[in-house]
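Examining the three-dimensional arrangement
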Amino acid sequence: MLRLRSCAMTGVSSMLSSSPSSSLTLKNPCLPISSNPKLFSGVFFNNRLTPSSRFSHASLRCFAVSATATVDKVRVQNPIVEMDGDEMTRIIWTMIKDKLIFPYLDLDIKYYDLGILNRDATDDKVTVESAEATLKYNVAVKCATITPDETRVKEFRLKSMWRSPNGTIRNILNVTIIQPENRKVVEQQPELGTVFREPILCKNIPRIVPGWNKPICIGRHAFGDQYRATDAVINGPGKLKMVFVPENGDTPMELDVYNFKGPGIALAMYNVDESIRAFAESSMSLAFAKKWPLYLSTKNTILKKYDGRFKDIFQEVYEENWRQKFEEHLIWYEHRLIDDMVAYAIKSDGGYVWACKNYDGDVQSDLLAQGFGSLGLMTSVLLSSDGKTLEAEAAHGTVTRHFRLHQKGQETSTNSIASIFAWTRGLEHRAKLDNNEKLLDFVHKLEEACIETVESGKMTKDLAILTHGPKVGREFYLNTEEFIDAVAENLVSKLRSPESSFVR
């Protein structure tokens, strides 16, 4: 495996050093190891500059590099784990590191290549290693990755249809206890973390739900229900039963479910108290950190025992650990029926955490993204139940269509904001764990630089379409690299301001 570490440099550079690992070689012809972020699979990034009366593109690149000489680097005391990814997001990920992160931070990176061919070359051990490193260092930032289907298996000639790296990482962060001597799983427990997604607001990007003036953070319970269910096709008449056999030898519990008169379908699903309790703790911890109200939505009027258990455990956790803290800061926890909560969400102006069961969170997070404007403007973090370990990533995929254009040498305009915020949310957690105020200040300045760049009218094509309509002209948007350079220019201006603590 290759470990990437930032080093003292003028402008933008990085150093690669090797370390023992099961992923000794990076076998990934479509995922380059190059100090040149413009080179990918033998194709140079297209830096064609389109004349524009609105943007002075030509000055951006030289400014982003040369101006860093007057800015002090922030020392980050403890490492973070970096998980590299695939296709177009891998290209922008490299640009983000070289233009927005490494020039300003003295940062120890524990690097893992989760590109699909390296995962295949290592029999996916690299994904396991990256998750174990995250447990050790408590902070990870992840680039978008490919989850292969049959088409991808053929495209990359993979040995196996490897499972989602996100699922593997989540399971290890919250499920498995590893024996260091032989790396065998010795015990398994329910997943204890929660995936939180939150929009990035830009004043000039239209929202389908115009009343959402403040963010809404969706907390999705990342365990059980439909995603661990057992389903079956029933071929003819018969009786469906559900049976629970206690380990202690007590009498089995047998429940009649349905008498089929003909063909049909059946489903059995489950959850466990420990995971639900951890979900409650994570949700309340985040809501308290943000000083926002927390809502849990279920359908306990129909699933009186199943969803009722979620409702009861959340209430217990709130009463035992959080009520006094919430009330001291004038925030609250409340349970609502899912249909009532959806109606409330559409009418509200935002500013709360919404805890959802697994499937509800899957659906509502996409609804939220579109309601606020774009999946490209959505953060995503996996937070452990104790609030100590966090993995941040973009909420979208690898942008394959843009990568195909890039491979042909054509210009792309790929939105990098969610990937930038993956870095900032991970670094923000590192700053809070280490009590590093200067790093926290840098993170906030980088996020502000991103948002203000868009609000100044400099944006990628996807956002320009939202603002100007589907036939938007080329003068209204920047290409992939131009946008990152515009953010870099804005960031340097903030870091060099007279009141900034970053100026030498």
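The written sequence of each chain sets the order in which its residues are numbered from 1. Side-chain atom pairs in this predicted model are given and counted only at pLDDT of 80 or more, local residue features only at pLDDT of at least 70, and totals for whole chains, interfaces and linings cover all residues. As a rule here, side-chain values come from all non-hydrogen atoms in the structure, and water together with hydrogens is ignored.

**Concerning helix 12 (residues 417–434)**
Only DSSP runs of H or I covering at least 4 residues are called helices, and only runs of E covering at least 2 are called strands; the numbering of each starts at the N terminus. One less than the number of residues in a helix, times 1.5 Å, gives the span that helix is expected to have. Between its first and last C-alpha atoms helix 12 spans 25 Å; for 18 residues at 1.5 Å apiece the expected length is 26 Å, and the two agree. Relative accessibility under 20% of the residue-type maximum defines a buried residue, over 50% an exposed one, and the middle range a partly exposed one, all with a 1.4 Å probe and only protein chains included. With 16 of 18 residues buried, helix 12 lies mostly within the body of the structure. At the exit of helix 12 stands Asn 435, carrying a positive phi of roughly 55°.

**Points about the pairing of strand 22 (residues 390–394)**
A large share of strand 22 lies buried, amounting to 5 of its 5 residues. Taken together, the 4 bridges between strand 9 (residues 139–142) and strand 22 define a ladder with parallel strand orientation. Paired with Ala 140 across the bridge in strand 22 is Glu 391. When DSSP finds two or more bridges between a pair of strands, those strands are recorded as paired.

**Notes on the packing of aromatic side chains**
Any two of the Phe, Tyr and Trp rings considered here, Trp counted by its six-membered ring, make a pair once their centres fall within 6.5 Å; the pair's planes then place it as stacked at under 30 degrees, edge-to-face at over 60, or tilted in between. Within this structure, the stated rule accounts for 15 aromatic pairs. Considering the side-chain rings of Phe 288 and Trp 322, the 5.9 Å spacing of their centres and the 55° angle between planes classify their relative orientation as tilted. Placement of the pair is Phe 288 in helix 7 (residues 273–290) and Trp 322 in helix 8 (residues 306–328), with a sequence separation of 34 residues. Residues Phe 288 and Trp 322 agree in their burial class; the two are buried. An aromatic cluster is built from Phe 279, Phe 288, Phe 314, Tyr 318, Trp 322, Phe 326 and Tyr 333, whose rings are joined through pairwise contacts. In this analysis the charged atom, NZ for Lys or CZ for Arg, is taken to sit over a ring once it is within 6 Å of the ring centre and within 35 degrees of the ring normal. Of note, Lys 291 hangs over the ring of Phe 288, and the distance from its end group to the ring centre comes to 4.2 Å. A cation over an aromatic ring shows up here: Lys 357 above the ring of Phe 310, its NZ or CZ 5.5 Å from the ring centre.

**Notes on the confidence of the model for the protein**
Scored by pLDDT, the protein comes out at a mean of 83, with 81% of its residues at no less than 70. Low pLDDT, under 50, characterises residues 1–69; the predicted model gives this stretch 171 contacts beyond four residues in sequence or across chains. pLDDT measures the predictor's confidence residue by residue and takes values from 0 up to 100. We call two residues in contact when some of their heavy atoms are within 4.5 Å.

**Here we look at the pairing of strand 13 (residues 216–221)**
Of all 6 residues making up strand 13, 5 are buried, and the element is well covered by its neighbours. Taken together, the 4 bridges between strand 12 (residues 194–199) and strand 13 define a ladder with antiparallel strand orientation. Bridged to Val 195 within strand 13 is Arg 220. Two strands pair when backbone bridges link them, and strand 13 and strand 20 (residues 352–356) are joined in this way by 5 bridges, in the parallel orientation. Bridged to Gly 219 within strand 20 is Ala 355.

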